[in-house]
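# Structure at a glance
Read off the chains here:
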Amino acid sequence: MKIASYTIQEKLSDTAKTSVFAACRTDNPGERCIIKCNNTAQDAENAELSLRNEYEISRQLLEPDHLSDYLVTDGQQYFVRHYFEGITLLEWQRTYKPGLAEILNVCSLIAAKLGQMHSKFLIHKDLSPTNVLINIEKEQVNLIDFDLSSRLDQKSYFVETTQ
């Protein structure tokens, strides 16, 4: 299956709200990506805003050389982002039964990622063990699922914190 210039490789998740696929660019099969789309026709306007918000937040967080795109094809919106090789925090905990030192190391990596978000005045709002991806070999974490995330208004933040 193809979506614009992307070839779908596999479905990673499918809920009533969204579907997530692993894909690659047609012109560069080695460049993997994630494609997310809405499944619901009900409340389509809010679903579109949610997907667009996820794209905007992700775009601000990705490394400059990482892929991020927002597509509309045949009336369907798609959010495309760089593929992160890893497993969820939940899968990691269940599969590897990590010790305290490993848990503290991962918590430190998660805190650093959240610090990066917060330094850009971004709030995740849906942090959970299924929204944190871990690559243990590379000692990297990645946060996903930004559809509920928001940008903190800098002006009101400074007004509230300086009073």
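Here, the structure is the one placed above.
Residues numbered from 1 in each chain as written. Predicted model: local features only at pLDDT ≥ 70, side-chain atom pairs only at ≥ 80, totals over all residues. Heavy atoms only, no water.

## Considering the overall build of the protein
Of regular secondary structure, the protein possesses four helices and 11 strands. Computed over C-alpha atoms, the radius of gyration of the protein comes to 17 Å, within 12% of the 15 Å expected from 2.2 N^0.38 for 163 residues, which places it in the range of a compact globule. Residue burial in the protein is summarised as follows: out of 163 residues, 36% are buried. Considering only contacts within the protein whose residues lie at least 6 apart along the sequence, 49% involve residues at least 24 apart. (Helix = DSSP H or I, 4+ residues; strand = E, 2+ residues; numbered from the N terminus. Rg over C-alpha atoms; globule rule 2.2 N^0.38 Å. Buried < 20%, exposed > 50% of the residue type's maximum accessible area, 1.4 Å probe, protein only. Contact = heavy atoms within 4.5 Å.)

## A few points about the side chain of K36
Relative to the elements of secondary structure, K36 occurs in strand β4 (residues 28–38). Only 2.9 Å separates the side chain of K36 from the side chain of D145, close enough to count as a polar contact. Discounting chain neighbours no more than four positions away, the residues touching K36 are T18, S19, V20, L51, E54, Q77, Y78, F79 and D145. (Polar contact = N/O pair within 3.5 Å; in protein donor to acceptor, adjacent residues only side chain to side chain.)

## Considering the sheet that holds strand β10 (residues 140–143)
Pairing within the open sheet is antiparallel, and its three strands lie in the order β7-β9-β10. Bordering the open sheet on either side are β7 (87–88) and β10, each of which pairs with just one other strand. Pairing between β7 and strand β9 (residues 132–135): two bridges, direction antiparallel. Directly across from I87, in β9, lies its bridge partner I134. (Pairing = 2+ DSSP bridges.)

## Examining the sheet that holds strand β6 (residues 76–82)
Spatially, β1-β2-β3-β4-β6-β5 is the arrangement adopted by the six strands of the open sheet, whose pairing is antiparallel. Strands with a single pairing partner mark the edges of an open sheet, and in this sheet they are β1 (2–3) and β5 (68–73). By the bridge criterion, two bridges tie β1 to strand β2 (residues 6–14) in an arrangement that is antiparallel. By the bridge assignment, I3 is partnered in β2 with Y6. Running over the sheet, helix α1 (residues 44–61) touches β4, β5 and β6 and is turned about 20° from β6. (Axes fitted to C-alpha atoms, helices over the stretch in contact; angles between N-to-C directions.)

## Section: the packing of aromatic side chains
The description of an aromatic ring pair uses the distance of the two centres, along with the angle that the planes make with each other. With the rule as written, the count across this model stands at two aromatic pairs. Note on Y55 and Y70: the rings are 5.7 Å apart at their centroids and 40° apart in plane angle, and the pair reads as tilted. Of this pair, Y55 sits in helix α1 while Y70 sits in strand β5, and the two are 15 residues apart along the sequence. For Y55, a relative accessible area of 11% translates into the label buried. Classification of Y70 by relative accessible area gives buried; the value is 13%. (Phe/Tyr/Trp six-rings, centres within 6.5 Å; stacked < 30°, edge-to-face > 60°.)

## Considering the nonpolar core
Counting 13 residues, the largest nonpolar core has L89, V106, I110, M117, V132, I134 and L143 as the members making the most contacts within it. Residue assignment for this core shows that the elements contributing at least two residues are α2 (89–96), α3 (100–119), β9 and β10. Per-element accounting of this core gives the leading share, four residues, to α3. Dropping the residues within four chain positions of it, V106 is found in contact with L89, W92, I134 and I136. In terms of nonpolar packing, the next biggest core, distinct from the first, is built from 12 residues, I8, I35, C37 and V80 among them. (Core = buried A, V, L, I, M, F, W, Y, C linked by side-chain atoms within 4.5 Å.)

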